[in-house]
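Results of the structural survey
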Amino acid sequence: MKTDIYEKMEILSNSAKYDVSCSSSGVETNFKKGELGATHTSGICHSYTPDGRCISLLKVLLTNICIYDCAYCINRVSNDIQRAVFTPRELADITINFYKRNYIEGLFLSSGIVKTEDHTMTLILKALKILRHEYKFNGYIHVKLIPGSSMELVEQIVKLANRVSSNIELPSDKSLKLLAPNKTKEKVLQPLKYARDLSLEKNQKPIGMSTQLIIGATPESDKDILKLSSALYDKALLKRVYYSAYIPVNDDKNLPSIISKPPMLREHRLYQADWLLRFYDFTWNEIVNDEFPNLDEDLDPKAFWAINNLKYFPMEINTASKEELLRIPGIGARGVFKILKARRFKRLTFHDLKKLKISIKKAKYFITCDKEFQKEIPFYKENIRTALIKPEPKQIIQQPSLFDLSSITGEI
Amino acid sequence: MILIYDNSFEGFLSLVYDVFYQKLKPLKIHKKLPNEMIFEEIHFIKTNEEKYTKVLKAIKSNFSKQSIEKILNIFMCDSKNFEMHLLEYIILGFKSKKELLNINNSCVFYLTNLEKELFKNVHKMYAFIRFEELEDCSLYGKLECKFNVVYFLAKHFLKRFNNQNFIIHDINRKLAFIKIDNNFSIQKVSDFEDPNYSQNEEKFQKLWKSFFKGVTIKERINLKLQQNQVPLIYRTYMSEFN
């Protein structure tokens with residue numbers, strides 16, 4: 001059956017949607033006179049889908065035909081679904097036309113495996129060459145490297161792309177063996193290691209790389225996950241790890257069958273923890289340990305760390321160092337920046353923080369401002385915890401009833 | 001006392017001159033005579049070349065590059081009543097350059113936040129302005145925004161569409177940035193007929209909608225979050241929302 005181009009687009013974008021990564025940031029502007037396209041350092045989200053996720057790149061598969069049979073994947077060979085294929089030229093044309101209309105920042109290209117790994121990578125490379133060489137396109141291109149493809153192909157792709165990635169998907173080898181019998185963690189990370197080594201050899205700034213982990217499909221704890229992410233960041237292998245709440249797409253005896261909703265809160269907490277690793281100088285074992293292998297549901301990871309480490313608090317806003325300020329729950333990098341800027345001119349009080357529009361809803365339990373401090377909640381772990389979780393009391397205004405005589409007679 | 005100036009940058013600099021040398025004590029500054037009754041004394045500022053060049057020269061030699069840029073940026077926030085704060089800021093700058101970095105000062109804080117709001121709007125327009133292809137292959141983008149962002153968008157898209165001809169049209173301010181080959185400028189547009197679109201236009205808008213439909217994950221639908229990210233006000237010219 002022949003599908004028209006609109007159906008094809010819907011099938012192939014639908015097959016790519018479980019890849020969470022859609023960032024177009026972190027590349028310095030690379031505009032060239034007389035050419036098309038430039039990247040934007042902070043990245044740009046051009047639209048948001050009804051699920052609230054950003055659209056920055058044209059995220060599609062070249063094809064959803066695949067020879068593999070991974071249990072968690074919608075495109076596995078044993079699934080009876082509609083299949084479609086873009087030619088490299090078709091895809092390049094659509095990318096250029098979308099870019100000119102300012103729909104996208106560029107292309108996020110992935111693919112199912114057709115015939116062999118190398119054959120698939122060659123098709124991807126062809127699309128990239130048309131874009132970069134023929135159309136002189138300098139926009140953002142993110143390519144999913146195919147595990148098991150040859151080093152020469154990886155090298156050529158790395159030269160043309162802005163970012164490459166390869167998804168580990170499952171946080172342990174045991175789970176991988178169970179659900180994706182054709183993959184191992186080593187095999188998945190192999191092309192990324194190639195890419196890193198290539199740029200190290202040439203003394204270049206390494207290309208940005210990322211991976212994705214599925215959350216909630218297998219029994220790993222948050223500790224296992226964060227330990228893995230942190231190891232990947234430490235080895236300077238990756239710039240980003242993405243977390244994707246598991247959504248059942250296939251029935252498989254090895255997968256949790258009854259999940260009414262994807263574990264979104266857990267995904268959210270993992271991202272918060274991930275930020276602490278990357279921007280707040282936390283180590284994974286400060287956030288999770290054997291006693292608490294999973295992240296707290298009620299408190300964000302920073303607040304959780306703080307109430308378990310009250311010895312560092314309360315902190316004096318006017319004297320704490322930048323690193324210390326960053327550890328205060330409820331105060332982020334921007335808030336710290338404002339505090340540092342403002343305290344050069346005067347000693348800050350609670351009123352000053354309010355004027356600077358720094359939220360102290362969470363922070364007030366952990367700070368002193370020029371010796372001022374909050375006095376309602378005693379400085380004990382349990383009291384602060386309750387205060388942080390408890391929602392602000394709503395004022396209930398009772399309307400006196402016409403027939404309620406107690407207000408007149410004073411009866412109770 | 002209420003001061004009224006002609007809404008131009010030069011007019012505002014003349015106002016600064018008068019306030020400084022005539023020791024005026026304004027309570028409010030308006031762009032035009034307000035409709036409601038006023039019991040205050042009203043003073044009209046005349047834009048005067050000698051005055052504004054003098055003030056501009058003084059600002060250029062006394063203020064840091066960043067502060068000058070901030071003053072210019074604030075002038076793009078034309079839907080806000082920033083004048084009293086800006087006047088205070090400029091007077092403060094002549095007293096002490098260093099004080100302009102003190103965000104504890106209310107006028108510095110106000111202008112810093114307003115500038116941030118401007119850049120937020122600029123960034124949203126980078127993202128949400130849409131171009132359509134015309135018969136002659138040039139690209140035409142319409143926009144409506146509470147601040148005057150055409151200049152910023154022009155700079156941004158000159159990098160991206162360096163080998164294209166394009167127009168960015170601010171519908172409400174009747175301004176357009178037009179680039180044809182190597183010539184470009186911002187022009188006033190009094191009336192504008194809807195142009196003829198290229199044959200491809202419909203096809204790619206339809207493809208874009210197919211893509212938009214395809215990438216949505218139904219299990220995660222969260223329209224409130226979507227609306228936080230793309231408030232309705234930006235959606236007028238975004239085809240995926242129509």
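Before any of the text, the structure's been laid out above.
Overview of the structure. Per chain, residues are indexed from 1 in the order of the written sequence. The naming scheme follows written order: chains are lettered A onward, ligands numbered 1 onward. In keeping with the model being predicted, local features are shown solely for residues with a pLDDT of at least 70 and side-chain atom pairs are shown and tallied solely at 80 or more, while totals for entire chains, interfaces and linings include all residues. Hydrogen atoms and water are omitted, and side-chain values are computed over all heavy atoms in the structure.

So, the overall build of chain A
Counting from the N terminus, the helices are the DSSP runs of H or I reaching at least four residues and the strands are the DSSP runs of E reaching at least two. Of regular secondary structure, chain A possesses 15 helices and 10 strands. If one aligns the C-alpha atoms of chain A with their principal axes, the spans along those axes are about 85 × 55 × 45 Å. Exposure is judged per residue with a 1.4 Å probe applied to protein chains only, and the accessible area is read against the type maximum: over 50% gives exposed, under 20% gives buried, and values in between give partly exposed. Among the 412 residues that make up chain A, the fraction classed as buried is 54%. The contact rule is simple, with two residues in contact once any of their heavy atoms fall within 4.5 Å. Look at the contacts in chain A between residues 6 or more apart in sequence, and 68% of them connect residues 24 or more apart. When the accessible surface of chain A is split by element, carbon and sulfur atoms take 54% of a total near 20100 Å². Residues counted as positive are Lys and Arg, residues counted as negative are Asp and Glu, and His and the chain ends are not counted. Where a charge lies is defined by one atom per residue type: Lys uses NZ, Arg uses CZ, Asp uses CG and Glu uses CD. Side chains of chain A give 62 positive and 49 negative charges; the mean places of these two sets differ by 5 Å. We get accessible surface area from the Shrake-Rupley algorithm with a probe of 1.4 Å; when it comes to residues, only the shown protein chains can shield them.

Looking at the interface of chain B and chain A
Contacts between the two partners involve 55 residues from chain B, matched on the other side by 61 residues from chain A. Taken as a group, B:Asn104, B:Arg160 and B:Arg220 account for 16% of the area that chain B buries against chain A, more than any other trio of residues on that side. In the sections that follow, a salt bridge refers to a side-chain nitrogen of Lys or Arg positioned within 4 Å of a carboxyl oxygen of Asp or Glu. At the junction of chain B and chain A, the tally comes to six salt bridges. Any pair of nitrogen or oxygen atoms within 3.5 Å is treated as a polar contact; in protein, a donor-acceptor pairing is required on top of that, and neighbouring residues in sequence qualify only through side-chain atoms on both sides. Counting across the chain B and chain A interface gives 20 residue pairs in polar contact (both at pLDDT 80 or more). Listed by contribution, the elements that provide at least two residues to the side of chain B that touches chain A are α5 (106-128), β4 (130-133), α6 (150-160), α7 (200-214) and α8 (223-229) of chain B. A total of 13 residues in the side of chain B that touches chain A trace back to one element, the largest contributor, which is α7(B). Across the side of chain B that touches chain A, the residue classes tally to 25 nonpolar, 17 polar and 13 charged. Values labelled buried area give the accessible surface lost by two parts on being combined, using a 1.4 Å probe and summing over both. Polar here means any residue outside two lists: the nonpolar Ala, Val, Leu, Ile, Met, Phe, Trp, Tyr, Cys and Pro, and the charged Asp, Glu, Lys and Arg; Gly therefore counts as polar.

Concerning the sheet that holds strand β3 (residues 42-44) of chain B
Residue and element names in this part refer to chain B. Spatially, the three strands line up as an open sheet ordered β2-β1-β3, and their pairing is parallel. Either end of the sheet is taken by a strand with one partner, and the two such strands are β2 (28-30) and β3. Across the sheet, the mean angle separating the axes of adjacent strands is 25 degrees when strand polarity is ignored. One requirement defines pairing of two strands: DSSP has to find at least two bridges between them. The sheet contact formed by strand β1 (residues 2-4) and β2 spans three bridges and is parallel. Bridge assignment links Leu-3 to a residue of β2, and that residue is Ile-29. Note on definitions: angles span 0 to 180 degrees between N-to-C directions of axes, and those axes are lines fitted to C-alpha atoms, for helices only across the stretch in contact.

With respect to the sheet that holds strand β5 (residues 140-144) of chain A
Residue and element names in this part refer to chain A. Strand order in the open sheet made by the six strands is β3-β4-β5-β6-β7-β8, with parallel pairing throughout. The sheet is open, and its two borders are formed by β3 (57-61) and β8 (240-245), each paired with just one other strand. Between one strand and the next, the sheet's axes are offset by a mean angle of 20 degrees, whatever the strand orientation. With three bridges joining them, β5 and strand β6 (residues 163-165) adopt parallel strand pairing. Counted as the bridge partner of His-142 is Arg-163 from β6.

Description of α6(B)
Among the 11 residues that make up α6(B), eight are buried, leaving the element largely enclosed by the rest of the structure. Buried within α6(B) we find B:Val150, B:Phe152, B:Leu153, B:Ala154, B:His156, B:Phe157, B:Leu158 and B:Arg160.

Side note on unusual backbone geometry
Residues and elements named next belong to chain A. Of note, the amide linkage connecting Phe-313 to Pro-314 takes the cis form, showing an omega dihedral of -10 degrees. In this structure, Pro-314 sits in the loop between α10 (301-308) and β9 (315-316). Of note in the backbone geometry, Glu-169 takes a positive phi value of approximately 65 degrees without being a glycine. In this fold, Glu-169 is placed in the loop between β6 and α5 (173-179). On the basis of relative accessibility, which here comes to 11%, the residue Glu-169 falls in the buried class.

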